[in-house]
Amino acid sequence: MSTTANPPKKTNRIGLEVLNYKGGKTTLCAGCGHNSISERIVEVFYEMGIHPWNVAKFSGIGCSSKSPAYFLGLSHGFNGVHGRAPSLATGAMLANRNLVGILVTGDGDTASIGIGQYIHLMRRNLPLIYIIEDNGVYGLTKGQFSATAEMGSKSKGGVINDMAKIDCCLLGIQLGASLVARSFSGDKKQMQAILKAALHHNGLSVIDIISPCVTFNDHEGSTKSYSYMKEHDLPIHEIDFVPHYENIEIEMAEGEVREVELHDGSQIRLRKLNRDYDPTKKTNAVRLLQESEEKGEVATGILYVQPRDTNFFDMLGMVDEPLATLPESRVRPSKESLDMVMEELR
Amino acid sequence: MSTTANPPKKTNRIGLEVLNYKGGKTTLCAGCGHNSISERIVEVFYEMGIHPWNVAKFSGIGCSSKSPAYFLGLSHGFNGVHGRAPSLATGAMLANRNLVGILVTGDGDTASIGIGQYIHLMRRNLPLIYIIEDNGVYGLTKGQFSATAEMGSKSKGGVINDMAKIDCCLLGIQLGASLVARSFSGDKKQMQAILKAALHHNGLSVIDIISPCVTFNDHEGSTKSYSYMKEHDLPIHEIDFVPHYENIEIEMAEGEVREVELHDGSQIRLRKLNRDYDPTKKTNAVRLLQESEEKGEVATGILYVQPRDTNFFDMLGMVDEPLATLPESRVRPSKESLDMVMEELR
Amino acid sequence: MSTTEVTPIASHEGEGPRRIINDFSIQVATVNGSGSQTSNTVLMRSIFQMGIPVSGKNLFPSNIQGLPTWFTIRASKHGWIGRKKEIDFMVAMNPETAKEDCLSLEPGAALVYDEPLKLNELRSDLQMYPVPFDKLVVPVCPEARLRKLVRNMIYDGVLAFLLNIDMEEIRKALVKQFGPKKAKAADLNWGAVKAGYEFAEKNLTKTDPCYLERMNKTAGKIIIDGNAACALGCVYAGCTVVTWYPITPSSSLVETMIGYLKRLRIDKDGNATYAVVQAEDELAAIGMVIGAAWAGARSMTSTSGPGVSLMSEFIGLGYYAEVPAVIVDVQRVGPSTGLPTRTMQGDTFVNAFVSHGDTKHPVLFPASPEECFSMSIEAFDLAEFYQTPVFVNTDLDLGMNNWMSEPFEYPTEPISRGKVLTAEDLNRLGGFARYKDVDGDGVGYRTLPGTNHPAAAYFTRGSGHNEEAKYSERPDDYVNNVDRLARKFEHMRTRVPKPAVEVNEKAAVGILCCGTSDYAAQESRDQLLREYGLETSYYRVRAYPFTSELAEFLDRHDRIYVIDQNRDAQLYSLIKLESPPNRIAKLRSVRYYGGLPLDARTVTDEIVMQEGL
Amino acid sequence: MSTTEVTPIASHEGEGPRRIINDFSIQVATVNGSGSQTSNTVLMRSIFQMGIPVSGKNLFPSNIQGLPTWFTIRASKHGWIGRKKEIDFMVAMNPETAKEDCLSLEPGAALVYDEPLKLNELRSDLQMYPVPFDKLVVPVCPEARLRKLVRNMIYDGVLAFLLNIDMEEIRKALVKQFGPKKAKAADLNWGAVKAGYEFAEKNLTKTDPCYLERMNKTAGKIIIDGNAACALGCVYAGCTVVTWYPITPSSSLVETMIGYLKRLRIDKDGNATYAVVQAEDELAAIGMVIGAAWAGARSMTSTSGPGVSLMSEFIGLGYYAEVPAVIVDVQRVGPSTGLPTRTMQGDTFVNAFVSHGDTKHPVLFPASPEECFSMSIEAFDLAEFYQTPVFVNTDLDLGMNNWMSEPFEYPTEPISRGKVLTAEDLNRLGGFARYKDVDGDGVGYRTLPGTNHPAAAYFTRGSGHNEEAKYSERPDDYVNNVDRLARKFEHMRTRVPKPAVEVNEKAAVGILCCGTSDYAAQESRDQLLREYGLETSYYRVRAYPFTSELAEFLDRHDRIYVIDQNRDAQLYSLIKLESPPNRIAKLRSVRYYGGLPLDARTVTDEIVMQEGL
Ligand SMILES: Cc1ncc(C[n+]2csc(CCOP(=O)(O)OP(=O)(O)O)c2C)c(N)n1
Ligand SMILES: Cc1ncc(C[n+]2csc(CCOP(=O)(O)OP(=O)(O)O)c2C)c(N)n1
Ligand code: SF4
Ligand code: SF4
Ligand SMILES: [Mg+2]
Ligand SMILES: [Mg+2]
């Protein structure tokens, strides 16, 4: 046994180590963008010194929706049903307005089965961070298109996507979300910055993060990697083999435009917003998204923000304390009051 | 018995009278905007000489959704479940692509419970006319707010609407609907013109028609009519009395802006698009809606149209005939084919 | 609306001119949206104020204005306040249905009608009272456009004269109805009542036998509908999160609740100790309820059959993930395009089993406003104790009609929040296993998010976990877990509300029912005894799973008639599923599903037939 | 995955060294996403090609890559192809589970394992075969990054040596697996197989008793999974509109179907005689199915429990509005966050009763790929004849596992579209009443939208209509209508598939089950007879509502064991609901719900216990 003292552990302002922010071991594919996002959440919550036991995590169903089990292990989490995490989160936040709520879900979960709850969540200015781990496919059910898939892309099964994609950021901006951002799972710094902004925001923050599915994103025309191997008749077992990849990591300067190559060899063109973009104007944000779409670019950064003094709870006129734990004396009216009501009904 | 011949009946190009386009007697409130819309449908389908037995009517649940029973009595109709008429219509049109499909629904049906199906319908370029009879309330369940209610309006029950409204036209435009229009139930001519355009359009037409609920629209600040009576303590029975009103009718020139007074004394500011507005540009349409919103106006007319050569059925590569009635020889493959498949599986 | 039975209107008052006192039904046929509900409510209330047991049932169409509607008032000195099958006294105001209304009456019944309808031409075996409403309304209501409204009030006056209702009580009921702020309206209407009375006094000769006389049977009682009673129950249960989506016949439950919450649950700083959210649909409503309950709120929603169907998946999640929820199901008939304004016990089965997989849910069956109130409170206690969704199963008849009721009793027990571990508990225990059956009742301990302790957190998901709430796909973990859920369900039998049982030592026959079948069943027992000499015992189920009393009751009797207000004998089926063959052999089914509130005669006739009497 | 039974591996081959021929189970433990499914399929297929009855079951986790997965192959000369509870031969490739895999084996079982795992240190009562996979793979696969893949192929070679599998059959199976376009891949893998064989030949001494020998029991048979079989059934049923939403374990059904449709249902002009739409969710999928069927298409969707829950409201509408629909429910365990990759008969009840109100639905229970095929076709005929949603109730075991099967028979009956009136019919009849029971079977005549006749149209809504499909809220119309629906349901008993019955004159005991319980049940009967001398009869339910044979079978036997792969005895409950007490008294329940395919031993043990043998 060594007698030298351990080096002092690194802790944050509330005295916790980064370890206290980790979750269970991921069961997602190696190289899956979702894992990078989990890592960013761990880092930022640690750095900001948020009490993990004050956080509530929500998700629907999908690979992405599994990920809350892989970060913030000391926080309560609720892995609900497909597409309906917004209602679970809304209920929980109503019950306890002091919670820091974070909802992590997929594009299938959000834009297909869950689009109704998504849209109506946008209309309520609930302080909640809503992260879409956006890969254009249903990962967990093996690669069918989701509603955010680019028109014209081809699935692993060979089907061409023939419907226009839904832009969840555009919807969010129009329907009332007060902070709307887009990022890329490989862009550590940007994701951290956005997460921090969201944690400071008094209202709903939507963060759509392009998070490639290494296993089922297999775009046509790709010249490398997985598709390439298949085309060149390399001995891949088609039935259930999932190749291993490393996480993609990029670093970009503000204002920069960059083509990033994904695992399957396809390219994505990212444009990082620069400093003079004013995200407080709705019209700017809408125009930006329209223009990027036309240029085939993905604009990343905080697209829209509307700082708010009051949130959904204020609008409902709720008491400051969590409703969940109000004592009986505050939630059961007096006997006299019941007598009075009875008298009126006589 | 008189021997004079009856005057020749007025008929359309397929020899039918306008009577052949009428439906059952309405059970909606007198003065309800929805009734005017039914009348326009009758007129236009008559005028265009559409075979009523080639039309299929769809609806969800609500006062508006009852209305298909009150027009085109010689057409098949399906009054489905709340918010899910789009899927019924999609299925039926897939079964028989030769049908003229018309879906009539409410704002509650569309923008609340049905927003998911609405959004995904927009993405499929199905030749279908989708009419929203938009009154900002749930009429049939007695006046709760729907998601298209203006922020700040006050319900009959005294509740203030504290959420931003959903603009179904804006959503439609962004999500792929290829003809998007807005009108007012009192504007006969415009409604007729739009309906005709929709009948000619090879794709999805969304028509959002402001159609005031005379019974439950009871805006604050109104100085006349129903609200006025209440405030001045006139002897209205509050429990279940529904006053009788006449339909509102207006006539407007292109480009005109007009304040129209509704039954409850509230005002709506309509702006009729003028001839030089180019509805084929998505950006125009989006800007128009944003600007009108800011000005507190309601722009009416065809907001956006994208003529299409191919529709959803073409995209699916479907045969020209209705799938519903293909003979067995075309839908059950041969015995030989089954033998072949079996052989492959050995 | 036609009645097929011929039950002679017999006088129970001995010899002399046939006189029926405080024991008949009045039906008013009008058009909905015409404001007749005020006249009807005033009528009912006046009788109530005279101390006579009374009930009022509104039979209305699924639209807002212009379709036929019927309001039935029953006065019963015996206290029978279920629907009476036969109409003794009809007021025909609706030209569209007047003919059928008239033809549907039993010979000898009384008929007040709008004179121009000339119903006297239709038959001669009724007691006819023509009233020229349009003429009478003109002098009392100078403003032409209000006449339509005020017109209905006239029949209250006519009936006051014919039935001997104290005009002072009508006046009082009117004032109560309009409230102090609408004195002018009350006055105008009072004028119409008087005009009706005066007309009748001058022009009509009483020929029917129906009379009302003061009694003393309603003192201290209240009038309330079941939805309002549930609403009050939830308010006094300390419910903190309410989410809903409008649907007939449940909408008024939350709407009334909002009113009470605003009055009773705003704290001294003007802040609400609750949140009410109108959700975008039922899937969201139940999701919010489950999310809120998971985070520790007492949360509830209210809906009807179509809503329950939409909530199916989420309720299953609630069952497996073990999250409390209170769902009030105000039952109606059929699917969305069914008969949403008619009553039925159609959701008994779906409440008990909704969702896929092996799911079972406790259901409470209130039969009266008092039980709506008390069971709404009990539902929260059960949901939180057992950490599972609980249904309160009421129906349109109970929920939307006005009922005479004892005033509600203030809860005697404090609110009980179930097994929740606090930070202090965790300090003491060091940790916990969320899904471990520590106490032998199948119920684990939970923590709430936000509990200030590093060991508080656990991860919630459906059935894929072990006792420690860790992800698991192991067969043994799954089996352990769902076996515990089954044990938990069994344990509920000891805690759910006990049945209302009346054992008649002389009876070989038992009558068993739930909810609003109570009224018809009780009255039918009286009919069976009086008319056929058949002694019966009575068992009203108040909760599913059933309690131990059920077996005892079945064992004690030879034949047990199970009453269902649905086609498929849903309560009967539930009992069959839980009973051994020897008890099943004794079960008989009595079903009614026409959408009207159940009446005693229907039950009696069916039992008489099956008994071969 | 632990087995608690100790069943000694006995030789049925007489004296001499213990030798088990064509009667054992092999389990391969790997990691999912590692490509092992190819090796396993090739292994299974090779045995099949040797003429030996075989089954393969994939036990996989609910993720995409990295979690443990087990593949079990059973060879049975007797033709028992259900799961065998005991593993006779294990291949341990997954370091994470190797220890538990090893410890779970019965003494005497064989274990091939990756040498570095050193499982030999764990116990000494197994037949151990260490193989240095990593070493062996290097020479056969120069490209390092492909080695992980090819590595799994090595155990096929090892097993070929140890179990006596014909290498030529492996080669054939490999070629079939990779197809002509992937010859290079097949070659590489073949190299790995050979390397495994050669290693084993040189280094391993056979000590276990398991051998494979050529038989002639699979000639002409095919290998297919139930989902593909259902897909083919739908294709040959002339299904024209398919809508779906992905969900395990049903996704592959429609995905396979798309493939077959593209091959078999494109007309000479290159156009599709079908439409397939991936809907946004299950509510939309079922809505499209109902809309399409209403307009006359043969339409279907495929889903699993959570999807059925979401479809609840719409299915109820289908029931009341009387619209055909075919819903294939490939059952799995639990709610969404349950065990989606495990099998269960959890939706029997929800299929039969889903939705609120008085709703009942016919359910077909295929037990084999042949029945998946034929019943998918029958489902459309029934749905269209009875104008109502019909369920085809399969499960993950049947749907996703590969089954040996007789080739499917081409339908002998033409497609039957039910009671649809054409314009000519209308000319003849003048008109029609949509909901009139003309033929006494409860089924009315319908017209399709687009029928070129002024009298063709009718308006469709739920239950609020009369016989002419006109809006009605009349109690008598409602009662007439739902009584007819009940009659219609009764009539189905005469048309749904008959049960598979085997009456044993000597038996007092009957075994009753549905779906995939068939395999375990049949084998259990053999065990009961051989091991305990218990004679049994057999009844496999093939449809709900039950047919008249059921009563007869129950009457004929003293005790009937009803097998359920769910906790709540759902099939048993359905039978109980429909049976009189004397028959109920004979019912016994046998339940298994661990999520694995049911095995015979579990059934046998339970029956033996209940019989007191
Ligand atoms: C009601 C229901 N329908 C379908 C499913 C099957 N399902 C599981 S995950 C999933 C899609 C997930 O896609 P996405 O949200 O994009 O997550 P990803 O796996 O791509 O991260 C589906 C359809 C389900 N669990 N529940
Ligand atoms: C699943 C379900 N939830 C709720 C209802 C009750 N409901 C009937 S109509 C309606 C709202 C209709 O509003 P809208 O579509 O705006 O029609 P309007 O009556 O205003 O024309 C609601 C909530 C229902 N029928 N089904
Ligand atoms: S399948 Fe795709 S989305 Fe799912 S874990 Fe793997 S890489 Fe990620
Ligand atoms: S309630 Fe409103 S929407 Fe409904 S019919 Fe009356 S006016 Fe129209
Ligand atoms: Mg995705
Ligand atoms: Mg509306």
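Thresholds applied
- Residues numbered from 1 in each chain as written.
- Chains lettered and ligands numbered in written order.
- Predicted model: local features only at pLDDT ≥ 70, side-chain atom pairs only at ≥ 80, totals over all residues.
- Heavy atoms only, no water.
- Helix = DSSP H or I, 4+ residues; strand = E, 2+ residues; numbered from the N terminus.
- Buried < 20%, exposed > 50% of the residue type's maximum accessible area, 1.4 Å probe, protein only.
- Areas by Shrake-Rupley, 256 points an atom, 1.4 Å probe, with all protein chains shown as cover.
- Polar contact = N/O pair within 3.5 Å; in protein donor to acceptor, adjacent residues only side chain to side chain.
- Contact = heavy atoms within 4.5 Å.
- Phe/Tyr/Trp six-rings, centres within 6.5 Å; stacked < 30°, edge-to-face > 60°.
- Lys NZ or Arg CZ within 6 Å of the ring centre and 35° of its normal.
- Near = heavy atom within 4 Å.
- Nonpolar A, V, L, I, M, F, W, Y, C, P; charged D, E, K, R; others polar.
- Domains from an automatic or database assignment.
- Donors = N, O, S within 2.8 Å, 3.2 Å for Na, K, Ca; no water.
- Pairing = 2+ DSSP bridges.
- Right-handed = clockwise from strand over helix to strand, strands pointing away.
- Buried area = accessible area lost by both parts, 1.4 Å probe.
- Salt bridge = Lys/Arg side-chain N within 4 Å of Asp/Glu carboxyl O.
- Lys, Arg positive; Asp, Glu negative; His and termini not counted.
- 1 Å grid on protein atoms, 1.4 Å probe; cavity = no way out; pocket = protein on both sides within 12 Å on 5 of 7 lines; lining within 4 Å.
- Points joined across faces, edges and corners; volume = space filled by probe spheres on them.

**A few points about the overall build of chain A**
- Along its length, chain A carries 12 helices and 11 strands.
- Residues counted as buried form 65% of the 346 residues belonging to chain A.
- Accessible surface, chain A as shown: approximately 12400 Å² in total, 52% of it carbon and sulfur.

**Concerning the side chain of Ser 579 of chain C**
- By the element assignment, Ser 579 of chain C lies in the loop between helix 18 (570–578) and helix 19 (581–584).
- Looking at Ser 579 of chain C, its side chain comes within polar contact range of the main-chain oxygen of Ile 575 of chain C, at 2.8 Å.
- Leaving out residues up to four positions away in the same chain, Ser 579 of chain C has contacts with Leu 554 and Ile 584 of chain C together with Lys 576 of chain D.

**Quick word on the packing of aromatic side chains**
All names here are of chain D.
- One pass over the full model with this rule turns up 41 aromatic pairs over all chains.
- Ring geometry for Phe 385 against Tyr 386: centres 4.8 Å apart, planes inclined by 90 degrees, an arrangement best described as edge-to-face.
- Relative accessible area serves as the criterion here: at 9%, Phe 385 is assigned to the buried category.
- We classify Tyr 386 as buried; its relative accessible area is 1%.
- Measuring from ring centre to ring centre gives 5.3 Å for Tyr 544 and Phe 546, while their planes differ by 80 degrees; the resulting arrangement is edge-to-face.
- When the ring centre of Tyr 211 is taken as origin, the NZ or CZ atom of Arg 19, which lies over that ring, is 3.8 Å away.

**Observations concerning the site of ligand 3**
- Around ligand 3 lies a shell formed by Leu 28, Cys 29, Cys 32, His 34, Cys 63, Asn 135, Cys 213, Val 214, Thr 215 and Phe 216 of chain A together with Ile 64 of chain D.
- Residues near ligand 3 are shared among chains A and D, making this a multi-chain site.
- For the shell around ligand 3, the residue count by class is 8 nonpolar, 3 polar and no charged.

**Overview of the domain arrangement of chain C**
- Taken domain by domain, chain C holds domain 1 (20–219), domain 2 (224–405), domain 3 (423–492) and domain 4 (500–611).
- One C-alpha centre belongs to domain 1 of chain C, the other to domain 3 of chain C, and the line joining them spans 60 Å.

**So, the coordination of the magnesium ion (ligand 5)**
Residue and element names in this part refer to chain A.
- Only Asp 107 (OD), Asn 135 (OD1) and Val 137 (O) from the protein coordinate the magnesium ion (ligand 5), and they sit 2.1 Å from it.
- Each donor residue of the magnesium ion (ligand 5) lies on the same chain, and together they follow the pattern D-x27-N-x1-V. With Asp 107 in helix 4 (residues 107–112) and Val 137 in strand 5 (residues 137–138), this residue pair connects regions lying 30 residues apart in the sequence. Side by side, Asp 107 and Val 137 carry an identical accessibility label, which is buried.

**Re the pairing of strand 11 (residues 275–278) of chain D**
Residue and element names in this part refer to chain D.
- Relative to strand 11, strand 10 (residues 241–244) is paired through 4 bridges, and the arrangement is parallel. When the sheet's bridge partners are listed, Thr 243 is paired in strand 11 with Val 277.
- Crossover strand 10 to strand 11 through helix 8 (residues 251–264) is right-handed.

**Description of the interface of chain B and chain A**
- Each partner contributes residues to the interface: chain B has 22 residues there, and chain A has 22 residues.
- Of the roughly 2100 Å² buried between chain B and chain A on both sides combined, carbon and sulfur atoms contribute 62%.
- By the criterion of area lost to chain A, the three top residues of chain B are Arg 123, Met 163 and Gln 174 of chain B, representing 29% of everything that side buries.
- Between the two partners, chain B and chain A, sit 7 residue pairs in polar contact (both at pLDDT 80 or more).
- In terms of residue class, the side of chain B that touches chain A is built from 12 nonpolar, 6 polar and 4 charged.

**Observations concerning the coordination of the magnesium ion (ligand 6)**
Residues and elements named next belong to chain B.
- The magnesium ion (ligand 6) binds to the protein through Asp 107 (OD), Asn 135 (OD1) and Val 137 (O); the donor distances cover 2.1 Å.
- In the primary sequence, the donor residues of the magnesium ion (ligand 6) line up as D-x27-N-x1-V.
- Given a relative accessible area of 5%, Val 137 falls into the buried group.

**Regarding the interface of chain A and chain C**
- On the side of chain C, 71 residues touch chain A, which itself brings 57 residues to the contact.
- Considering only the side of chain A, the residues that lose the most area to chain C are His 76, Arg 332 and Arg 346 of chain A, jointly responsible for 16% of the buried surface there.
- Taken together, chain A and chain C are joined by 3 salt bridges.
- We note a salt bridge from Arg 330 of chain A to Asp 267 of chain C, for which the minimum N-O separation is 3.1 Å.
- Counting across the chain A and chain C interface gives 26 residue pairs in polar contact (both at pLDDT 80 or more).

**Observations concerning the side chain of Arg 84 of chain B**
- Structurally, Arg 84 of chain B is set in the loop between strand 2 (76–79) and helix 3 (85–95).
- Despite being buried, Arg 84 of chain B has no salt bridge partner; Asp 281 of chain C is the closest side chain of opposite charge, sitting 4.2 Å away.
- Discounting residues that sit within four places of it in the chain, Arg 84 of chain B has contacts with Ile 113 and Gln 117 of chain B, Asp 281, Leu 283 and Leu 310 of chain C together with Leu 283 and Phe 314 of chain D.

**Some words on the sheet that holds strand 14 (residues 363–364) of chain C**
All names here are of chain C.
- One open sheet holds the 7 strands; their spatial order is 11-10-12-13-15-14-23, and the pairing between them is mixed. Taken across any chain shown, the strands that pair with only one partner, and hence form the sheet edges, are strand 11 (275–278) and strand 23 (543–544).
- Pairing of strand 10 (residues 241–244) with strand 12 (residues 299–303), which is carried by 2 bridges, proceeds in the parallel orientation. Opposite Val 241, over in strand 12, you have Ser 299 as the bridge partner.

**Some words on the pattern of salt bridges**
All names here are of chain D.
- Per the counting criterion, the structure on display carries 121 salt bridges over all chains.
- With its nearest N and O atoms 3.3 Å apart, the salt bridge here joins Arg 83 to Asp 599. With Arg 83 in the loop between strand 4 (68–76) and strand 5 (89–92) and Asp 599 in the loop between strand 25 (587–591) and helix 20 (600–611), this pair connects stretches of sequence that are 516 residues apart.
- Arg 123 is paired through a salt bridge with Asp 125; the nearest N and O atoms lie 2.7 Å apart.

**A short note on empty space enclosed by the protein**
- On inspection of all chains with the given rule, the structure shows 11 cavities of 30 Å³ or more.
- Of the volumes computed, that of the largest cavity is approximately 150 Å³.
- For the largest cavity, the lining is made up of 20 residues, of which Arg 84, Ile 113 and Gly 116 of chain A together with Arg 84 and Gly 116 of chain B are closest to its centre.
- For the lining of the largest cavity, the secondary-structure elements that each account for two or more residues are helix 5 (115–123) of chain A together with helix 5 (115–123) of chain B.
- Broken down by element, the lining of the largest cavity gets its largest block of residues, 4 residues, from helix 5 of chain B.

**Some thoughts on unusual backbone geometry**
- For the bond from Thr 248 of chain D to Pro 249 of chain D, the omega torsion is 0 degrees, close enough to zero to count as cis.
- Examined against the element boundaries, Pro 249 of chain D turns out to sit in the loop between strand 10 and helix 8.
- Positive phi is not limited to glycine here, since Lys 142 of chain A has a value of about 80 degrees.
- Judged by its relative accessible area of 49%, Lys 142 of chain A is partly exposed.
- Positive phi, normally seen in glycine, also occurs at Gln 387 of chain D, with a value near 55 degrees.
- One can find Gln 387 of chain D in the loop between helix 12 (369–386) and strand 15 (389–395).

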